[in-house]
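The primary structure of each chain is shown beneath.
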Amino acid sequence: QKMPPSLPATINIQEPRWDQSTFQGRAKHFFMVTDPRNLLLSGATLEEARRVVEDYRAGTVHPGLTEDQLWRAKYIYDSAFHPDTGEKMILVGRMSAQVPMNMTITGCMLTFYRTTPAVLFWQWVNQSFNAIVNYTNRSGDAPITPSQLGTAYVSATTGAVVTALGLKSLTKHLPAIIGRYVPFAAVAAANCINIPLMRQRELKVGIPVTDENGNRLGESTAAAQKAIFQVVVSRIGMAAPAMAIPPVIMNMLEKRAFLKRYPYLNAPLQVSLVGLCLVFATPLCCALFPQKSSMPVSSLEPAVQDEIRKKDPRLETVYFNKGL
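From a predicted model like this one, the values you see are computed outputs, not experimental measurements.

What counts, and at which threshold
- Residues numbered from 1 in each chain as written.
- Predicted model: local features only at pLDDT ≥ 70, side-chain atom pairs only at ≥ 80, totals over all residues.
- Heavy atoms only, no water.
- Helix = DSSP H or I, 4+ residues; strand = E, 2+ residues; numbered from the N terminus.
- Rg over C-alpha atoms; globule rule 2.2 N^0.38 Å.
- Buried < 20%, exposed > 50% of the residue type's maximum accessible area, 1.4 Å probe, protein only.
- Contact = heavy atoms within 4.5 Å.
- Phe/Tyr/Trp six-rings, centres within 6.5 Å; stacked < 30°, edge-to-face > 60°.
- Lys NZ or Arg CZ within 6 Å of the ring centre and 35° of its normal.
- UniProt positions renumbered as here; feature names shortened; annotations may be inferred.

Just checking my understanding: could you explain the overall build of the protein for this structure?
Tallying secondary structure elements over the protein gives 13 helices and four strands in all. In terms of overall size, the protein behaves like a compact globule, its C-alpha atoms giving a radius of gyration of 22 Å where 324 residues would be expected to give roughly 20 Å. Seen through its C-alpha atoms, the protein measures out along the principal axes to roughly 65 × 60 × 35 Å. By residue count, 48% of the 324 residues in the protein fall in the buried class. In the protein, 74% of the contacts between residues at least 6 apart in sequence involve partners at least 24 apart.

Take a look at the structure:
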């Protein structure tokens, strides 16, 4: 049998497979990155993917390796290893865990929103999960201290709970459908607190900025601000369909005889509806902004601009990993 031709060592696997300057290309990329099936891969499969990717980057092509196999290994690698540090990410913090974890937590938040203890418990669970995700998918390779982690976690959880309980008390005399949207308002508010706090070190010392070829030029707090703003918008967008569409459907279903006869189906139905929304909302909202974001050198802090001008006076644009 004839051996397939050897794969050239010139495929750029530093970048995603599809054109990231288009929304369609980014969406295809993130459908791969957020695929929940990646969670089922064994440690051996992840290590094999890492070996294929790292060897290929070093110029070693495994015999018989095809382009599709290379890209498959690259996406397995990206699903489990941090792009800046190379460390294996916590399982529940990976983007492939977003759909199963969020559908369970969001479904329960939308189902059990009527009592104060339930609101407190599910907002705490949600912010604990968000804290893990925000830490796991931070930008840059700078460490974050336990005290910074603790402050961010407590602040975000308190913000979410206060918002949820405050809105809950305001909606007591309003139609039931309005009360169903309290969890979404609390989640949106918490995202605005949780993400900047979990990534506060980036806002203080900056995130790495590079040229088009990935050569590190310095650290910028202006880039960090842009990165965190984009992530906050994406996360709120991600939560919106899952927390806006199911309440309308469930409000109609609960008036029907079927759910009155089988009330125990309420939570499974809610979780399933949320899951259906998240399967599409998660990758599509991740794709709103390029992962490798960019900004003009002229928009950076003056000190960073000076540093870059010394290295390359003609450089006009810098790039950075915005995180997820």
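For this particular structure, what's the right way to read the packing of aromatic side chains?
Each aromatic ring pair is characterised by the separation of its centres together with the angle its planes make. The tally for this structure, following the rule as stated, stands at four aromatic pairs. Considering the side-chain rings of phenylalanine 121 and tryptophan 122, the 5.0 Å spacing of their centres and the 80° angle between planes classify their relative orientation as edge-to-face. Judged by relative accessible area, which is 41%, phenylalanine 121 ranks as partly exposed. An aromatic cluster is defined as three or more aromatic residues linked by ring pairs; in this entry it consists of Phe121, Trp122 and Trp124. The lysine or arginine in question, lysine 292, covers the ring of tyrosine 319, its NZ or CZ lying 5.0 Å from the ring centre.

Is there a simple way to explain the UniProt feature "transmembrane region" (unreviewed entry) in the protein in this structure?
In this numbering, the UniProt entry assigns the feature "transmembrane region" (unreviewed entry) to residues 227-249 and 269-289. Along residues 227-249, the helical share is 100% and the strand share 0%, with 35 Å between the first and last C-alpha atoms. Along residues 269-289 one finds 86% helix and 0% strand; the C-alpha atoms at either end are 32 Å apart.

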